[in-house]
Amino acid sequence: MDARDIIKGPIVTEKSMKLKEDFNKYTFKVDKKANKIQIKQAVEEIFKVKVLSVAIINVLPKRKRVGQHVGYTAAYKKAVCKLADGQKIEAFEI
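Here's a quick rundown of the structure. (Residues numbered from 1 in each chain as written. Predicted model: local features only at pLDDT ≥ 70, side-chain atom pairs only at ≥ 80, totals over all residues. Heavy atoms only, no water.)

1. Re the side chain of aspartate 31
- Relative to the assigned elements, aspartate 31 resides in the loop between strand 2 (25-30) and helix 3 (36-47).
- Judged by relative accessible area, aspartate 31 falls into the buried class, the value being 16%.
- Every residue in contact with aspartate 31, bar those within four places of it in the chain, is listed here: Met1, Asp5, Ile6, Lys8 and Lys77. (Helix = DSSP H or I, 4+ residues; strand = E, 2+ residues; numbered from the N terminus. Buried < 20%, exposed > 50% of the residue type's maximum accessible area, 1.4 Å probe, protein only. Contact = heavy atoms within 4.5 Å.)

Printed below as a string of structure tokens:
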């Protein structure tokens, strides 16, 4: 699997920005089949940084309703990557 296929995109929320500022942790939406080793290699290859650890969260679909129609949001996998001290990813900077 190519590195760009593994990392789908950044997750930019208040909680993920707080993690970035306080603990130098960056959050990404990743491929559902990717494991921690593949995610670490992909982040290091794409952003040219040193990843210390990776935590993975499987986000389950939530039930949503619009009027009488019921459906579900899409399930996805999210990864939180801790970078080495002094390193950062420019794509997250605003």
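2. Focus on the sheet that holds strand 3 (residues 51-59)
- Here four strands make up an open sheet; going across it, the order is 1-2-6-3 and the pairing antiparallel. With partners counted over all chains shown, the strands left at the sheet margins are strand 1 (7-10) and strand 3, one partner each. Across the sheet, the mean angle separating the axes of adjacent strands is 30° when strand polarity is ignored.
- For strand 2 and strand 6 (residues 76-83), the ladder comprises six bridges, and the chain directions are antiparallel. When the sheet's bridge partners are listed, tyrosine 26 is paired in strand 6 with cysteine 81.
- Lying on the sheet, helix 2 (residues 14-23) is in contact with strand 2 and strand 6; it crosses strand 2 at an angle near 140°. (Pairing = 2+ DSSP bridges. Axes fitted to C-alpha atoms, helices over the stretch in contact; angles between N-to-C directions.)

3. Some details on helix 2
- Those residues of helix 2 that sit buried are Ser16, Met17 and Lys20. In a view along the axis of helix 2, the buried residues occupy a sector of 100°, so they form one face of it. Of the exposed residues in helix 2, the ones pointing more than 90 degrees away from its buried face are Glu14 and Lys15.
- Check the buried side of helix 2 and you find it contacts strand 2.
- Following helix 2 by one or two positions, asparagine 24 adopts a phi angle in the positive range, close to 60°. (Arc of directions from axis to C-beta.)

4. As for the pairing of strand 4 (residues 63-66)
- As paired elements, strand 4 and strand 5 (residues 69-72) share four bridges and run antiparallel to each other. Counterpart to arginine 63 in the pairing with strand 5 is tyrosine 72.
- Adjacent in sequence and paired antiparallel, strand 4 and strand 5 are bridged by two residues, among which glycine 67 carries a positive phi angle near 65°.

5. Comments concerning the pattern of salt bridges
- The tally for this structure, following the rule as stated, stands at two salt bridges.
- Across the salt bridge formed by lysine 8 and aspartate 31, the nearest N and O atoms sit 3.8 Å from each other. On the criterion of sequence distance, the pair formed by lysine 8 in strand 1 and aspartate 31 in the loop between strand 2 and helix 3 is long-range, its members being 23 residues apart.
- Lysine 18 is paired through a salt bridge with aspartate 22; the nearest N and O atoms lie 3.4 Å apart. On the criterion of helical spacing, the pair formed by lysine 18 and aspartate 22 is a turn pair, its members being four residues apart in helix 2.
- The class for aspartate 22 is partly exposed, based on a relative accessible area of 41%. (Salt bridge = Lys/Arg side-chain N within 4 Å of Asp/Glu carboxyl O.)

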